[in-house]
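Examining the three-dimensional arrangement
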Amino acid sequence: MRTTFLACLFLALSTFTYAASEVNPELQQKRWRAYWIAAPGASPQGYGVYHFRKQLHLDEKPGHYRVHVSADNRYQLFVNGTIVSLGPAQSDLFHWNYETVDIAPWLQSGDNTIAATVWNYGTDGPLAQISLRTAFILQGDTQEEAAVNTNPSWLVTEDKGCQALKPTVLGYFVAPYGEVIDMTKAEKGWQLNGYDATGWKPAEPLMAGSPKGFMATDGTGWMLVPSPLPQMERSLQRLSAVRKTEGVRVTKAFLFGKAPITIPSHTRAVILFDNGQNTNAYVHLDFSKGKLATMALTYAESLYDTKTLEKGHRNAVEGKVIFGVKDSIIAAGDEQASYASLNWKTFRYLQLSVETQEEPLVLNDLYGIYTGFPFQRRATFASSDPALAKMFDIGWRTARLCAMETYMDCPYYERLQYLGDTRLQMLVSYYNTGNDTLARKAICDIDNSRLAEGVTEGRYPTRGTNVISPFSLMWIGMLHDYYMYRPDSAFVSQHLPGMRQVLSFFIQHTGKDGSLKDLPYWNFMDWVERQRQWKMGVPPKGKDGCSAILDLLLLRAYQWATDLEAHLGNQGMADGYRQRADMLANTIQRKYWDTNKQCYADVSNKKCFSQHAQALAILCGLVKGKQAEQLAECMLRDSTMAEASIYFKYYVNRALAKAGLGDTYLDGLGIWNDYMKLGMTTWGEDSKLMNTRSDCHAWSASPNIELLRTVLGIDTDAPGFAKVRIAPHLGRLTQASGSVPHPLGMIRVAYQKKGKDWSAQIVLPKGVTGKLLWRGRTIVLTESVNNIK
């Protein structure tokens, strides 16, 4: 519809370039010569899919031809039929991203066609999509490329064959809708040279492009900034199996594009494909003839039992039904036609339903183009328990599927960058990849979301307001994590003013004793089950409006802030935060410590308790040594305590390690083992194994941190990872090894038990030193190879 078969092939195989660091400085300081353009008479904020094109004649093929491109909401940029850029990277109107791409490899001497598809889902758009109005802009980097600047010389037409298709899903859904595509109304070959554009209209100029910070008396609309991100990965991905068919026979060769399927006229056929694992992909369907045949593609993470609507074992298909996000296509009867989804889809199962009319339909191929942030896993993990390696792989897949232009809580249902989730996802990135590009953007995104009163949004970028007050404190944790793991204190320093404003908001809501009282907005901490005192993830509060858990998190934030201010900021601020931390610590001890149970209560009347309070108390250092160990043991054995969900178990496990019980980590992986027994290929959202809403939720991927940090013991021991602390907790294992990326190279460890004796080898990068805490000894580590027995 939007592509010919040949162009669709280019879409699948094209290579992307990225050159944001090479943007002409003038474009970041002066008004652009290019205009934001739109289709004349089109609804500014309504649903619409639009095609833009521009003819460019060149006397010879250029060595480089750099352009900067953006749109509201989304765009695909083509050069002579090849897609060369997708975007823009999600942000807000005050930081509207544009991508920079050198299109020279796809240009030729003579005639060239520069084209783009731009779409806006209007009020049906995903919640993560901020928008001003439908528009497109493309700016040549210098005067040499000015011929392609967007202005009325560009032509535009609206695609009348598209409309949004609301999905049928269970649970909260705010991700992109599906599409209805009527290919009888489609433009064909419009991205290619030689296309007859009769009937297309000159684009309507709206306003000149303006870089962020440019003074404009007429309003700046979108404040343009260079995207800090590379293009997302795009790689061919074949479906792995056909699980069920109705009305048609499908051979395995079809999965490889080698055996077309013919659906006779007046036939209804259904094919259920299994990708073998959850994925994010742009789906491509190549077909022929079949005039007015309807095809529906339904995407799902899992199938549902027809009677109970439970998911059950994810590999099972019998007695189950599929529903969810759907695309629908009407065939025009062309000899060669291709459908390529505008938005990527998340799925393990993909069902193709076909109903033909007078003419048979030939299905030539069905495949996906995997997409995601181009992370490369550099960490490794192996041990005497092979299940842990599988767990490590599943966690990595989960984290990857929840990382695109932002970190996302889940790719199927929301695609929102929640702060609580994102802190863990950033640590997964540091430990598994050493790449901090997306983490830096996340820190900036959240800082940009702050309300005037100082608190941040709980998720951002997004339309509307959703303030999750405790998550604002987690943002300070993100800053401190970055400070400890990445050698870039200048980046942290520039966010200290934002940190101060966040803490100022919380200080306004503390009493004379330093305790938070009636903290406004959503006080979410964790999805605790089977505890009536927890409602909508909010911990219990006493009649005084106070909560131990909220106070403990504020205490931890004061501690993070004290450290950051003392080393990077203002010593006076550090002293002030330290004083507040001391006062709050005394208040917590007085109000919440239960001398009978020898643990911390959630409220001052000491009638409810949680793992959350104990974990945070240990992490804050309120108890140490033997007392911390006893509190950790109480947290594990007291079944009356509110239990942490799969998300908050990260903090519970950190507390166990700090209290000296790190060897229990491997015994606390029950929820992850249970998920694997159910055939999960990514980690679920919560502990509702049979029917968790999201089957892919990155806040559950903490084993990809702790298998490396707790089990193998690799951790930072100084800001910027300047020193290494290695304290393994091998538990029941007899062998374990692995590696973690460090800013100066790779840290490699190997532990081996023979009989009752252990040996270890630690390899540190050049320029890195540290210490090993090994069987009651502290051993100095030097760069290169360290052998220990």
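Residues numbered from 1 in each chain as written. Predicted model: local features only at pLDDT ≥ 70, side-chain atom pairs only at ≥ 80, totals over all residues. Heavy atoms only, no water.

1. A short note on the sheet that holds strand E35 (residues 769–774)
The criterion, for reference: The criterion for strand pairing is that DSSP finds at least two bridges linking the strands in question. The numbering of helices and of strands both runs from the N terminus, where a helix is a DSSP run of H or I of at least 4 residues and a strand a run of E of at least 2. Lines are fitted to the C-alpha atoms to define the axes, a helix being fitted only along its stretch in contact, and any angle between axes, read from their N-to-C directions, falls within 0 to 180 degrees.
With mixed pairing, the 4 strands of this open sheet are ordered in space as E30-E31-E35-E36. Lying at the two open borders of the sheet, with one neighbouring strand each, are strand E30 (714–716) and strand E36 (777–781). Averaged over all adjacent pairs, the angle separating strand axes in this sheet is 25°, with direction ignored.

2. Remarks on a nonpolar patch on the surface
Going by this rule: Each patch is assembled from residues with relative accessible area greater than 30% and no salt bridge, linking like charges that lie within 9 Å and nonpolar side chains (Val, Leu, Ile, Met, Phe, Trp, Tyr) that lie within 5 Å. Areas reported here follow the Shrake-Rupley algorithm with a probe of radius 1.4 Å; residue values treat only the protein chains shown as occluding. A pairing counts as a salt bridge when a side-chain nitrogen of Lys or Arg comes within 4 Å of a carboxyl oxygen of Asp or Glu. Any residue under 20% of the maximum accessible area for its type is buried, any over 50% is exposed, and the rest in between are partly exposed; the area is computed with a 1.4 Å probe on protein chains only.
Taken together, the side chains of Leu170, Leu309 and Val321 define a hydrophobic patch exposed on the protein surface, amounting to about 190 Å² of accessible area. Residue classification places Leu170 among the partly exposed residues on the basis of a relative accessible area of 33%.

3. Thoughts on the pattern of salt bridges
Proximity of charged atoms lets side chains of opposite charge pair with each other. Within the structure shown, the criterion is met by 34 salt bridges. Ionic pairing is found between Arg348 and Asp274, a salt bridge with its closest N-O pair at 3.0 Å. Pair noted here: Arg348 is in strand E25 (residues 345–355) and Asp274 is in strand E19 (residues 268–289), with a separation of 74 residues, a long-range link. Accessibility expressed as a relative area gives 5% for Arg348, which makes it buried. Between Arg450 and Asp447 there is a salt bridge whose closest N-O contact spans 2.8 Å. A relative accessible area of 23% means that Arg450 is categorised as partly exposed. Salt bridges sharing partners connect three or more residues here, namely Arg654, Glu706, Arg709 and Asp715.

4. Description of the UniProt feature "domain: Alpha-L-rhamnosidase six-hairpin glycosidase" (unreviewed entry) in the chain
For the record, the criterion: UniProt positions are given in the numbering used here, feature names are shortened, and annotations may be inferred rather than shown by experiment.
The UniProt feature table records "domain: Alpha-L-rhamnosidase six-hairpin glycosidase" (unreviewed entry) at residues 377–643. As a span, residues 377–643 carries 53% helix and 3% strand, and end to end its C-alpha atoms are 32 Å apart.

5. A short note on the packing of aromatic side chains
Note the following rule: Here is the rule: rings of Phe, Tyr and Trp (six-membered ring for Trp) pair when centre to centre is within 6.5 Å. Planes less than 30 degrees apart are stacked, more than 60 are edge-to-face, and the remainder are tilted. Charge-over-ring placement is defined geometrically: NZ (Lys) or CZ (Arg) within 6 Å of the ring centre, and within 35 degrees of the ring normal.
Tallied over the full model, the rule gives 38 aromatic pairs. Both rings, one in Tyr647 and one in Tyr651, keep their centres 6.3 Å apart while their planes meet at 85°; by these two values the pair is edge-to-face. On the basis of relative accessibility, which here comes to 0%, the residue Tyr647 falls in the buried class. Ring geometry for Phe648 against Tyr651: centres 4.8 Å apart, planes inclined by 35°, an arrangement best described as tilted. Taking the ring centre of Trp344 as reference, the NZ or CZ of Arg415 above it sits at 3.4 Å. The cationic tip of Arg440 hangs over the ring face of Phe491; the distance from NZ or CZ to the ring centre is 4.3 Å.

6. Observations regarding helix H11 (residues 625–637)
Which entries qualify depends on this criterion: Helices are assigned an expected span. That span is 1.5 Å times one less than the residue count. What the arc measures is the spread of directions leading from the helix axis to the C-beta atoms. By the convention used here, residues are in contact when the closest approach between their heavy atoms is within 4.5 Å.
For H11, with 13 residues, the first-to-last C-alpha span of 19 Å sits near the 18 Å given by 1.5 Å per residue. Every buried residue belonging to H11 is among Ala628, Leu631, Ala632, Cys634 and Met635, and all of these are buried. Buried residues along H11 cover an arc of 160° about the axis, so they all sit on one side. Exposed residues lying more than 90 degrees from the buried face of H11 are Lys626 and Arg637. Looking at the packing, one finds that the buried side of H11 touches strand E28 (593–594), strand E29 (599–600), helix H10 (611–619) and helix H12 (649–658).

7. Some details on the UniProt feature "domain: Alpha-L-rhamnosidase C-terminal" (unreviewed entry) in the chain
Within this numbering scheme, the UniProt entry marks residues 713–772 as carrying the feature "domain: Alpha-L-rhamnosidase C-terminal" (unreviewed entry). Taken end to end, residues 713–772 is 0% helix and 62% strand, and its two terminal C-alpha atoms sit 9 Å from one another.

8. A word on the side chain of Asp141
Here Asp141 is to be found in the loop between strand E8 (135–140) and strand E9 (155–158). The exposure class assigned to Asp141 is buried, which follows from its relative accessible area of 6%.

9. Re helix H7 (residues 496–507)
Helix length check: H7, at 12 residues, gives a terminal C-alpha distance of 16 Å against a target of 16 Å (1.5 Å per residue), a fit within 8%. Of all the positions in H7, only Leu496, Gly498, Met499, Val502, Leu503, Phe505 and Phe506 are classed as buried. Summarising the contacts, the buried residues of H7 are in contact with helix H4 (437–448), helix H5 (469–485), helix H6 (489–493), helix H8 (548–568) and helix H9 (571–592).

10. Considering the sheet that holds strand E37 (residues 784–788)
As summarised here, the arrangement of the 5 strands in space is E27-E32-E33-E34-E37, forming an open sheet in which the pairing is antiparallel. Of all strands in the sheet, those with a lone pairing partner are strand E27 (380–383) and E37, marking the two edges. Here the average twist between neighbouring strands, direction ignored, is 10°. When E27 meets strand E32 (residues 735–742), the two strands line up antiparallel, connected through 4 bridges.

11. Section: the nonpolar core
Soluble globular proteins tend to pack their nonpolar side chains together in the buried interior. Applicable threshold: What makes a nonpolar core is a set of buried Ala, Val, Leu, Ile, Met, Phe, Trp, Tyr and Cys residues whose side-chain atoms join them at distances within 4.5 Å.
The biggest cluster of nonpolar side chains holds 164 residues, and the ones touching the most others in it are Trp475, Met499, Leu503, Ile726 and Tyr751. For this core, the element with the most residues is H8, which contributes 12 residues. Once residues within four sequence positions are removed from consideration, Ile726 is found in contact with Leu712, Gly713, Ile714, Ile747, Val749, Tyr751, Ile762, Leu764, Lys771, Leu772, Leu773 and Leu781. Within the second largest apolar cluster, 46 residues are counted, among which are Leu255, Phe273, Met295 and Phe323.

12. Notes on the side chain of Glu457
We count it as follows: Lys and Arg are tallied as positive, Asp and Glu as negative. Neither His nor the chain termini are counted. Distance and chemistry together define a polar contact, namely a pair of N or O atoms within 3.5 Å, with one atom able to donate a hydrogen and the other to accept it when in protein, and with adjacent residues in sequence counting only for side-chain atoms on both sides.
Secondary-structure assignment places Glu457 in the loop between H4 and H5. Here Glu457 is buried and forms no salt bridge, its nearest opposite-charge partner Arg459 lying at an N-O distance of 6.5 Å. Side-chain polar atoms of Glu457 contact the backbone nitrogen of Asn466, separated by 2.8 Å. In this structure, Glu457 is in contact with Leu419, Ser449, Leu451, Gly464, Thr465, Asn466 and Val467, ignoring residues within four places of it in sequence.

13. Brief notes about the state of the cysteines
Note the threshold: The disulfide definition used here is simple: a pair of cysteine sulfur atoms within 2.5 Å.
Taken as a whole and assessed by the stated rule, the structure comprises 0 disulfides. Note on Cys599: no disulfide assigned, nearest cysteine sulfur contributed by Cys634 at a separation of 4.3 Å. The exposure class of Cys599 is buried, given its relative accessible area of 0%.

14. Things to note about the confidence of the model for the chain
Worth spelling out the cut-off: Each residue carries a pLDDT value, the predictor's own confidence for that position, ranging from 0 to 100.
With 97% of its residues at a pLDDT of 70 or more, the chain has an overall mean of 95. Residue range residues 1–20 is modelled with pLDDT below 50. Its contacts to residues more than four positions away, or to other chains, number 67 contacts.

15. Quick word on the packing of helix H2 (residues 386–401) against helix H13 (residues 670–677)
Under the convention used in this document: Throughout this description, any angle smaller than 35 degrees is read as roughly parallel, any larger than 145 degrees as roughly antiparallel, any in the 65 to 115 degree range as roughly perpendicular, and the remainder as oblique. Polar here means any residue outside two lists: the nonpolar Ala, Val, Leu, Ile, Met, Phe, Trp, Tyr, Cys and Pro, and the charged Asp, Glu, Lys and Arg; Gly therefore counts as polar.
Look at H2 against H13: their axes get within 11 Å of each other, and the N-to-C directions meet at 85°. Considered as vectors, H2 and H13 are oriented roughly perpendicular to each other. Taking contact as the criterion, the partners of Ala387, Lys390, Met391 and Ile394 in H2 are, on H13, Trp672, Asn673 and Met676. Classifying every residue of the contact of H2 with H13 gives 5 nonpolar, 1 polar and 1 charged.

16. Quick look at the domain arrangement of the chain
Put simply, the test is: Note: domain ranges come from an automatic or database domain assignment.
Domain parsing of the chain yields domain 1 (25–159 + 185–226), domain 2 (233–372), domain 3 (394–710) and domain 4 (711–788). Measuring from the centre of the C-alpha atoms in domain 2 to the corresponding centre in domain 4 gives 48 Å.

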